[in-house]
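Report on the structure
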Amino acid sequence: GENVEQHPSTLSVQEGDSAVIKCTYSDSASNYFPWYKQELGKRPQLIIDIRSNVGEKKDQRIAVTLNKTAKHFSLHITETQPEDSAVYFCAASKGSARQLTFGSGTQLTVLP
Amino acid sequence: NAGVTQTPKFQVLKTGQSMTLQCAQDMNHEYMSWYRQDPGMGLRLIHYSVGAGITDQGEVPNGYNVSRSTTEDFPLRLLSAAPSQTSVYFCASSSGQFAAFFGQGTRLTVV
């Protein structure tokens, strides 16, 4: 089955700096890659996603890049703010069943 | 439009007891799934459904049953609770546009 590895497990940045979280996946058939943000005690919330026919997608301060050849994708957050502090999960999915395989998460802390 | 609703939010069970976690969505989504979240392990898929009457196993299905009699509801049943099933359970639904939306979660403790 699919295996998704996520790095780093913890990341601390100064407010205003950029943060990058990286994920690799094993199944070349995976074609959908979402990123979720989870605040303490809350549900995961989709922040951005990308499909395999696209190399990069941006939404304001957040961007995701995908390298299908290398089977890795990354989340980039620019101009970080304290409210960006949370756990971020990457995931991969293939086919029509919408099954998601998640990475183990990155605890992002933005220091004021 | 409430999205995905899970009940209960918290539950304590004794080993061997059974219970059903409820999940309902009002977005007319075809796809529904159950995940469990354990510290340091992300979310793992338990069971999923691609439509009413159709269910299948995910990565960690042992000890759980599901059914999908309607588009809206996808209950998760614990047959005989074990301490290893202590976890936070999330239900999710998605449409043909892939994006999955999660319920608020059920925190289950088995003692």
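Calculation criteria
- Residues numbered from 1 in each chain as written.
- Chains lettered and ligands numbered in written order.
- Predicted model: local features only at pLDDT ≥ 70, side-chain atom pairs only at ≥ 80, totals over all residues.
- Heavy atoms only, no water.
- Helix = DSSP H or I, 4+ residues; strand = E, 2+ residues; numbered from the N terminus.
- Rg over C-alpha atoms; globule rule 2.2 N^0.38 Å.
- Buried < 20%, exposed > 50% of the residue type's maximum accessible area, 1.4 Å probe, protein only.
- Contact = heavy atoms within 4.5 Å.
- Areas by Shrake-Rupley, 256 points an atom, 1.4 Å probe, with all protein chains shown as cover.
- Lys, Arg positive; Asp, Glu negative; His and termini not counted.
- Charge placed at Lys NZ, Arg CZ, Asp CG, Glu CD.
- Salt bridge = Lys/Arg side-chain N within 4 Å of Asp/Glu carboxyl O.
- Pairing = 2+ DSSP bridges.

Here's the deal with the overall build of chain A
- From N to C terminus, chain A includes zero helices and 11 strands.
- Helices and strands appear in chain A in the N-to-C order β-β-β-β-β-β-β-β-β-β-β.
- Expected size for 112 residues packed as a compact globule is a radius of gyration near 13 Å; at 13 Å, chain A falls within 12% of this value.
- Its C-alpha atoms put chain A at 40 × 30 × 20 Å along the principal axes.
- For chain A, buried positions account for 45% of its 112 residues.
- Counting only contacts in chain A whose residues sit at least 6 apart along the sequence, the fraction spanning at least 24 positions is 53%.
- Total accessible area on chain A is roughly 5600 Å²; 46% of this is exposed by carbon and sulfur atoms.
- The distance from the centre of the 12 positive side-chain charges to the centre of the 12 negative ones in chain A is 8 Å.

What about the overall build of chain B?
- Looking only at helices and strands, chain B has zero helices and 11 strands in total.
- Along chain B, helices and strands appear, N-terminal first, in the series β-β-β-β-β-β-β-β-β-β-β.
- On C-alpha atoms alone, chain B measures out to a radius of gyration of 13 Å, which is about the 13 Å that the 2.2 N^0.38 rule sets for 111 residues.
- Considering only C-alpha atoms, chain B reaches an extent of 40 × 25 × 25 Å along its principal axes.
- For chain B, the proportion of its 111 residues judged to be buried stands at 49%.
- Put simply, 53% of the contacts in chain B that link residues at least 6 apart link residues at least 24 apart.
- Looking at chain B as shown, the accessible area adds up to about 5100 Å², and 51% of this sits on carbon and sulfur atoms.
- Of note, chain B has its 7 positive side-chain charges centred 13 Å away from the centre of its 7 negative side-chain charges.

As for the pattern of salt bridges
- Following the criterion strictly, the structure yields six salt bridges over all chains and no others.
- Where Lys-57 of chain A meets Asp-49 of chain A, a salt bridge forms, and the shortest distance between an N and an O atom there is 2.9 Å.
- The residue Arg-44 of chain B makes a salt bridge to Asp-38 of chain B at a minimum N-O spacing of 2.8 Å.
- For Arg-44 of chain B, a relative accessible area of 18% gives the class buried.
- Residue class for Asp-38 of chain B comes out buried when judged on its relative accessible area of 11%.
- One salt-bridge network, in which partners are shared between bridges, spans Arg-36, Asp-38 and Arg-44 of chain B.

Brief notes about the pairing of strand β6 (residues 54-57) of chain B
All names here are of chain B.
- Pairing geometry for strand β5 (residues 43-51) and β6, over three bridges, is antiparallel. Paired with Gly-51 across the two strands is Ile-54, which belongs to β6.
- The loop that links β5 with its antiparallel partner β6 comprises two residues; one of these, Gly-53, has a positive phi angle of about 85 degrees.

Considering the environment of Thr-7 of chain B
Residues and elements named next belong to chain B.
- Position of Thr-7 among the secondary structure elements: in strand β1 (residues 4-7).
- According to the relative accessible area criterion, Thr-7 is partly exposed, its value standing at 40%.
- Remark: the alpha-carbon pair of Thr-7 and Leu-21, spanning 14 residues in sequence, is separated by 6.2 Å.
- Each residue touching Thr-7, except ones within four places of it in the same chain, is listed here: Leu-21, Gln-22 and Thr-106.

Concerning unusual backbone geometry
- The omega torsion of the bond from His-7 of chain A to Pro-8 of chain A falls at -5 degrees, within 30 degrees of zero and hence cis.
- If you trace the backbone, Pro-8 of chain A turns up in the loop between β1 (4-7) and β2 (10-14).
- A cis amide bond links Thr-7 of chain B with the next residue in sequence, Pro-8 of chain B, at an omega value of -5 degrees.
- Along the chain, Pro-8 of chain B falls in the loop between β1 and β2 (10-13).

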